[in-house]
Amino acid sequence: ALTIGIVGLPNVGKSTLFNALTRQTILAANYPFATIEPNVGVVNLPDERLDKLAEIFGSAKILPATVSFVDIAGIVKGASEGEGLGNQFLANIREAHAIAQVVRVFEDENVVHVDGRVDPASDRETINTELILADMQTLENAIPKLAKQVSGKKADKATLDAYLEAQKVLEEGNTVFSAASSLDMEQLAGLNLLTAKPQIYVFNADEGVLGSPEKQAELAALVAPAQAVFLDAKMESELVELSEEEAREMLELNGLEESGLDQLARVGFQTLGLQTYLTAGPKEARAWTVPQGATAPEAAGVIHTDFQRGFIKAEIVSFEALVAAGSMNEAKSAGKVRMEGKDYVMKDGDVVEFRFAV
Ligand code: GDP
């Protein structure tokens, strides 16, 4: 499964957030695997469509899609110099598919800030600098080798050009991800650069920021094109201890529409480039995860490899059309259920039944 690595300076609330995430993991009744690693939190992707499907099909169970987070502990400053823990820290980030960077914006004089003051821009720079330095090292090693291969006609010049462009971006102090629209990311993919990974910024905030759209807009602009999530890690750790109803009341009391963890799951899922399709029947209403752009047979393969191998066609109705029709039969008589073949590209919210031969 694709994972999101959680990083950040000491004392910004990483553990608090991660504990809330893992607590949610334990509570998530549908997580069937016994081997939950201690540094992995698997959270449900909130999806109200599943409740509606369960209603229509009389499903006994609801199984949402999930998002996995990995706690990447370790010192940050000097990590790129490659000593001990620093090396491990970078290796762990390299394994993740996206990075969620926790940044402190809450004020609390009882919680010491490593640099003596709350300064989100500088904190972000501290972390990104380490990642940028590590990537510069990677490129410094790769470029001369590749240049030799290019002059020997054993490698593509376009790849070398992409490496040099990326190097320029890094030298200017920017992450590859932030410049993704102007770089040839496909040529860079083989390097698995740390700063090429999609990033999410998790601003650990208090009421001062959570209640201020202006402050949020300012912080969001600071990190764009990366996505920003605003939450109060302490409140999240309390929310997961409450019943669903109590949690809803507490959110309302704070003028919030959804929990920070739900927000983080949604943004994380998107950032990983994933989408869901839905299946439903009397047994269960379920969301399945596929990469954006997956074809119908690939989607079938997520349920079972036999489904992909023996794929014949997919019977598909959009969630909205199904709900508007009221039932599968009604949707069929209204001509809303389509037969799609092996070239069909799945859309988020497709309700699907696969036809296959074994
Ligand atoms: P980490 O070093 O990044 O893992 O940070 P911790 O999660 O251990 O948090 C450091 C301290 O900050 C702890 O005393 C937490 O209770 C406190 N803390 C974490 N999140 C918040 C928050 O949202 N608001 C406030 N006021 N304190 C927080």
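Residues numbered from 1 in each chain as written. Predicted model: local features only at pLDDT ≥ 70, side-chain atom pairs only at ≥ 80, totals over all residues.

Participant: Whenever I open this one, the sheet that holds strand β2 (residues 40-44) confuses me. Can you help?
Facilitator: Note: strands within a sheet are paired through backbone hydrogen bonds, in either parallel or antiparallel orientation. The mixed open sheet is built from 6 strands, whose spatial order is β2-β4-β1-β5-β6-β7. The open sheet terminates on both sides in strands that have one partner only, identified here as β2 and β7 (227-231). Put simply, the sheet's adjacent strands are angled 25° from each other on average, direction ignored. Where strand β5 (residues 98-104) lies against strand β6 (residues 199-204), 6 bridges are found, and the strand directions are parallel. Bridging from a neighbouring strand, V103 pairs with F203 of β6. Each of β6 and β7 is contacted by helix α8 (residues 213-223), which is oriented at about 145° to β7, the strand it contacts most. Along the sheet, helix α11 (residues 260-271) contacts β1 (3-7), β2, β4 (66-71), β5, β6 and β7; its crossing angle with β7, the most-contacted strand, is approximately 170°. (Pairing = 2+ DSSP bridges. Helix = DSSP H or I, 4+ residues; strand = E, 2+ residues; numbered from the N terminus. Axes fitted to C-alpha atoms, helices over the stretch in contact; angles between N-to-C directions. Contact = placed C-beta atoms within 7 Å.)

Participant: Hey, could you run me through the environment of Q216 in this one?
Facilitator: Relative to the assigned elements, Q216 resides in helix α8. C-alpha of Q216 to C-alpha of L264: the two residues are 48 residues apart in sequence and 15 Å apart in space. Apart from the residues within four sequence positions on either side, Q216 is in contact with V209 and F230.

Participant: Got a minute to help me understand the pairing of β6 in this structure?
Facilitator: On any regular strand, side chains alternate: one points to one face of the sheet, the next to the other face. Among the 6 residues in β6, 6 count as buried, and that is most of the element. Covered by surrounding structure in β6 are Q199, Y201 and F203 together with I200, V202 and N204, the residues of both alternating faces. (Buried ≥ 20, exposed ≤ 12 C-beta atoms within 10 Å, placed from the backbone.)

Participant: Is there a simple way to explain the site of the ligand in this structure?
Facilitator: Residues in close proximity to the ligand total 16 residues, the closest being G13, K14, S15, T16 and D108. Taken together, the elements giving at least two residues each to the shell around the ligand come down to α1 (14-27) and α9 (233-239). At 3 residues, α1 tops the list of elements feeding residues into the shell around the ligand. In the shell around the ligand, the residues fall into 5 nonpolar, 6 polar and 5 charged. (Near = placed C-beta within 6 Å. Nonpolar A, V, L, I, M, F, W, Y, C, P; charged D, E, K, R; others polar.)

Participant: Explain the confidence of the model for the protein chain here, please?
Facilitator: Close inspection of predicted coordinates is inappropriate for parts of the model with low pLDDT. The share of residues in the protein chain with pLDDT of 70 or more is 94%, and the mean pLDDT across the chain is 91. The model gives residues 29-35 a pLDDT under 50, and that stretch makes 3 contacts with residues more than four places away or in other chains. (pLDDT = per-residue confidence, 0-100.)

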